[in-house]
Structure formats: C-alpha cells, structure tokens
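What the coordinates show
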Amino acid sequence: MIKMEKVSKWFGQHQVLNDIDLSLNKGEVVVICGPSGSGKSTLIRTINRLESIQGGRIEVDGEDVYAGHMNVNSLRQKIGFVFQQFNLFPHMTVLDNVMFGLVNIQKRSKKESMERARSLLDRVGLLEKINAYPGALSGGQQQRVAIARALAQQPPVMLFDEPTSALDPEMVGEVLQVMKELAKEGMTMVCVTHEMGFAREVADRVVFMDAGQIQEIADPETFFTSPQHPRAQRFLSDVHIR
Amino acid sequence: MYLLEAQYLYQMLGGMVTTIQLFIVSWVLAFSVALTLVVIRATEWSVARWLVDAYVEYHRNVPLLVHVLFWYFGMPELLPESVRGWLYQHNAEMSLAAIALGLGAAAYIAEDIRSGLRAIPDTQFEAARAMGANYLQGMRYVIIPQALRHAVPALIGRALLLFKNTSVTMAIGVAELTYQAREIENDTYRTFATYGAATAMYLAGAFLIMFIGARIHAYYAISGGRNA
Ligand SMILES: Nc1ncnc2c1ncn2[C@@H]1O[C@H](COP(=O)(O)OP(=O)(O)O)[C@@H](O)[C@H]1O
Ligand SMILES: [Mg+2]
C-alpha cells in the first residue's frame with residue numbers, strides 16, 4: 001500500500017532523511033518513534049508530498065507519488081492526514097469541517113456529504129457536537145473531529161503526526177481509542193507517536209528513527225523487550241520514565 | 001423653511017441617492033478587485049507580486065482628486081472615438097467616478113485583507129492542501145473567509161472613507177450630495193443651512209454604515225475563539 005525506497009531529503013545542507021526504506025501492506029499499522037528532530041514528521045509528510053524529496057521513490061496504492069503526471073490534489077484525497085495541532089477550520093462548525101473535503105473538494109452533494117459526515121462523527125462519539133465550533137471543544141474532541149475530517153474522503157491510507165502530543169493527559173485515551181478502532185477495522189496507518197501502549201496493542205511493526213535514519217524495525221514485543229540499537233534502548237528508558 | 005420647498009428637497013434627496021449608488025457600486029468593485037489582488041499577491045510568482053505592489057503603491061500615492069480627474073478626462077482619450085462618444089452620452093461621469101473610486105479603494109482594502117491574512121497560521125492552508133484542496137479552493141474556503149473576519153473592523157473604516165470620498169466626484173460633475181448642496185447654495189445663498197443639511201445627511205449615512213458593519217462583525221465573529 002505504501003512503499004518507500006531509498007528516500008532522501010535535505011533542508012539546504014542538512015540531510016533530514018537518509019535512505020529511508022519502508023513498506024506497508026494493506027491493513028498494516030506502523031508506529032514511528034524516535035527523539036525530537038530525528039525526521040519523523042518529515043518522513044510522513046513526504047508520503048503525501050507536504051514535503052518534497054531529493055532522492056528515492058515513494059509509492060502509494062501502486063502509484064508513484066512523485067511521477068510527473070501525478071496530480072498532487074487527487075493523491076492527497078487518498079491519504080488522510082492528522083496533525084499534532086488538529087488544524088480544524090475555526091470558522092466552520094464541526095459538521096462543516098468534516099463535510100469540507102466532500103463538498104468543496106470532491107463536489108459531492110450536500111445530502112450525501114452530510115450523511116457521511118454524521119456517521120463519521122457518530123463513530124468518533126461527537127454526534128452531539130455537530131453544530132459546535134472547534135473553539136468550543138476540548139483538545140481531545142477537536143482531534144477526534146480532525147480524524148473524522150481526514151476519514152471523510154474515504155482514504156485507503158491514514159497518516160498521524162503525533163496526534164496526542166498536544167493533548168492534556170486525560171484526553172489522550174479518547175483519541176487513541178478512535179485510532180485503535182480504526183486500526184482494528186483494517187485501515188492502513190502510519191502513526192508517529194510515543195504512545196507505547198497503542199503501539200503494543202495495534203502496531204504490526206515499530207520503527208525507531210534517529211538522525212534521519214531508520215535505526216531499527218521490529219515487531220512491538222521485540223522492540224519493547226529487547227531493543228537492539230543502543231539509542232533505542234536509551235530512548236525507551238527515557239519514554240518510560242516520562 | 002426654504003429647504004422644505006419641494007424643488008430643493010428633491011434636489012438634496014436626489015444627491016443623497018446618487019451618493020449612495022456611487023458608494024455601493026464603487027464598494028462592490030473595490031472589494032472584488034481587492035480580493036483578486038490578494039489572491040494574486042499570495043502566490044509565489046514574483047511578477048504577479050510586483051504588479052500588485054505597483055498597483056497598491058500607485059493608488060496610495062496619487063491624490064484621489066487627481067485620480068478621479070485622470071479617469072474622467074484622461075482615460076477616455078485612449079478609447080476609440082465612437083466608444084468615447086457613447087460613454088459621454090451615457091452618464092460617463094457616474095461610471096468613471098465609480099471606477100476611479102473603486103480602483104483606488106481596492107488598493108487599501110487589499111492591504112486590509114492582507115493584514116487579516118497574516119493573522120492566519122500557515123497550518124490552516126496546509127490542512128486544506130493536505131485534504132487535496134488546490135490553491136484557489138484553499139484560499140476561497142479556508143484562508144479568505146478567516147482573513148475577512150479579521151479585517152472587518154478595518155473594512156468598516158474603509159467603507160466610511162469611501163462613502164465620504166464620493167464627494168470629490170463633484171469635480172467631474174457627478175450630481176451627488178455635495179454637488180447638489182453647492183447648487184442649492186448658489187441659488188439661495190443659504191450657506192449654513194444648506195451645508196448643515198448635507199452634513200447631517202452624510203452623518204446619517206455614516207451611522208448606517210457603522211451600524212451595518214457592527215452587525216456583520218457580530219454575525220461573523222468566530223464562535224469560541226480560534227482555538228480552545
Ligand atoms: N522547513 C524546515 N526547514 C529546515 N529545516 C527543517 C524544516 N523542518 C524540519 N527541519 C529540520 O529537520 C529535522 C527533522 O525535523 P522533523 O521531521 O520535524 O523531526 P521530528 O518530527 O522527528 O521531531 C530537524 O533537524 C528540523 O530542525
Ligand atoms: Mg515532529
């Protein structure tokens with residue numbers, strides 16, 4: 001479903017991604033972790049071309065993401081993206097946020113879009129907030145709306161960039177719950193997160209990144225009980241202390 | 001009271017109607033041009049940015065009266081004889097005044113919207129693009145509506161200014177409120193009463209604009225603030 005081969009990226013002189021190889025089959029869930037600044041965000045942002053790459057190749061759903069003829073807007077409709085800071089549209093109601101892609105990008109009918117948006121909001125447990133504005137919601141609620149919004153165009157792939165890092169601790173659970181359900185329903189997901197419980201429960205593999213490179217890929221059990229890379233060992237002890 | 005004489009009353013009210021028409025037409029023009037300028041200016045394309053900046057600087061540095069005179073006396077010279085003749089027979093002063101006022105105000109309104117735009121975090125545009133919105137969709141549905149909300153107070157000020165500035169078009173013979181006041185004053189020599197009445201009418205118009213502006217401001221306020 002997603003295939004990255006020898007992907008490299010520089011910001012000026014600074015190499016941020018170095019020969020990244022990563023593949024996901026349909027329905028797989030991969031968790032990416034690693035210290036701050038190691039290139040996790042940059043990595044997932046290259047998958048939907050929010051960042052460009054200078055070397056290598058990325059395929060999503062069998063299509064070369066960086067092919068000259070690739071229409072970046074139709075590509076992005078097939079890749080849901082959830083940001084750390086939610087980035088809901090504050091001038092639209094919750095319902096309009098979720099309907100946005102369907103109505104304004106895909107030009108679907110109001111009726112069909114509304115039905116789908118309502119069922120998604122039901123799924124993330126926010127049906128009663130349909131007419132609220134994002135500013136009136138808690139962080140956890142906003143992030144659940146953001147997930148519903150990203151799902152609206154029915155993308156086969158979902159990317160999450162630290163979706164719970166901006167949340168108060170008591171709200172992390174409700175967002176992870178939605179993500180776990182999604183994973184169990186067979187969504188293909190790449191999640192940058194340090195939530196180890198989440199990784200244990202639903203990840204097929206854990207990727208540890210440092211300094212722009214993938215240092216270790218393992219199944220969660222192996223990774224958590226016996227990490228091979230010294231930096232991964234240090235990283236895990238830091239995370240557990242927190 | 002002489003102003004109650006039907007003739008002068010009609011003349012004054014007629015002037016007010018013309019002022020309001022001129023204000024509305026030039027506002028609509030100004031707003032559309034301003035939005036276009038903002039959308040072009042926000043692209044990364046340097047030629048477009050340079051052109052928009054030149055447009056704004058030109059209008060900010062040329063006195064409005066000169067700009068109006070230029071449009072009325074200068075611009076038509078560029079038109080073919082037949083078009084020019086037709087124009088001057090069809091209320092040319094009104095339409096050229098609206099164009100001159102509208103294009104001038106557009107430069108300022110564009111700047112107001114642009115400062116509103118700067119208040120919107122880049123991540124808003126990125127969120128729209130990440131869903132597959134193209135540049136224009138992102139601007140139209142996500143960025144501009146938010147920028148306009150930020151700009152409402154400044155835009156109310158611009159609208160008041162434009163309303164008052166309609167009076168300079170008397171210089172090219174537009175029969176608006178100030179023009180009619182002067183005509184009446186020439187007829188009657190009642191300077192204080194005539195201009196007093198005109199002043200009261202401008203004030204009434206300004207209050208109406210402020211009232212409508214406040215309603216728009218309240219209606220479009222982003223409920224719950226930008227972020228919880
Ligand atoms: N737009 C940018 N311009 C220049 N450098 C950047 C930019 N974005 C990220 N970087 C740099 O790239 C590196 C990786 O960043 P990032 O992918 O955000 O790391 P992570 O998400 O793992 O914390 C960091 O050193 C960061 O400073
Ligand atoms: Mg990051």
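Structural data are supplied above this passage.
Everything numeric here is computed off the predicted structure, so don't read it as measured data. (Residues numbered from 1 in each chain as written. Chains lettered and ligands numbered in written order. Predicted model: local features only at pLDDT ≥ 70, side-chain atom pairs only at ≥ 80, totals over all residues. Heavy atoms only, no water.)

**Here's the deal with the overall build of chain A**
Each helix and strand in chain A was counted, giving 9 helices and 10 strands. Computed over C-alpha atoms, the radius of gyration of chain A comes to 18 Å, within 12% of the 18 Å expected from 2.2 N^0.38 for 242 residues, which places it in the range of a compact globule. When its C-alpha atoms are laid out on the principal axes, chain A stretches across 55 × 45 × 30 Å. Within chain A, buried positions represent 59% of all 242 residues. Contacts spanning at least 24 positions in sequence make up 64% of the contacts within chain A whose residues lie at least 6 apart. (Helix = DSSP H or I, 4+ residues; strand = E, 2+ residues; numbered from the N terminus. Rg over C-alpha atoms; globule rule 2.2 N^0.38 Å. Buried < 20%, exposed > 50% of the residue type's maximum accessible area, 1.4 Å probe, protein only. Contact = heavy atoms within 4.5 Å.)

**Some points on the packing of aromatic side chains**
Under the criterion given, the structure shown has 14 aromatic pairs over all chains. The interplanar angle of 85 degrees and the centroid separation of 5.7 Å between the aromatic rings of Phe23 of chain B and Phe163 of chain B together place this pair among those described as edge-to-face. Here the residue Phe23 of chain B occupies a position in helix H1 (residues 6-41), and Phe163 of chain B occupies one in helix H7 (residues 135-165), the gap between them amounting to 140 residues. In terms of burial, Phe23 of chain B and Phe163 of chain B fall into one category: buried. Its end group placed over the ring of Phe11 of chain A, Lys9 of chain A keeps NZ or CZ at 4.7 Å from the ring centre. When the ring centre of Phe89 of chain A is taken as origin, the NZ or CZ atom of Arg149 of chain A, which lies over that ring, is 4.5 Å away. (Phe/Tyr/Trp six-rings, centres within 6.5 Å; stacked < 30°, edge-to-face > 60°. Lys NZ or Arg CZ within 6 Å of the ring centre and 35° of its normal.)

**Concerning the sheet that holds strand E4 (residues 55-60) of chain A**
All names here are of chain A. Pairing within the open sheet is antiparallel, and its 4 strands lie in the order E2-E1-E4-E5. The sheet terminates laterally at strand E2 (14-24) and strand E5 (63-64), the two strands that pair on one side only. The pairing of strand E1 (residues 2-11) with E4 spans 5 bridges and is classified as antiparallel. Bridged to Lys3 within E4 is Glu59. Sheet strands in contact with helix H1 (residues 40-47) are E1, E2 and E4, and its direction is about 120 degrees off that of E1. (Pairing = 2+ DSSP bridges. Axes fitted to C-alpha atoms, helices over the stretch in contact; angles between N-to-C directions.)

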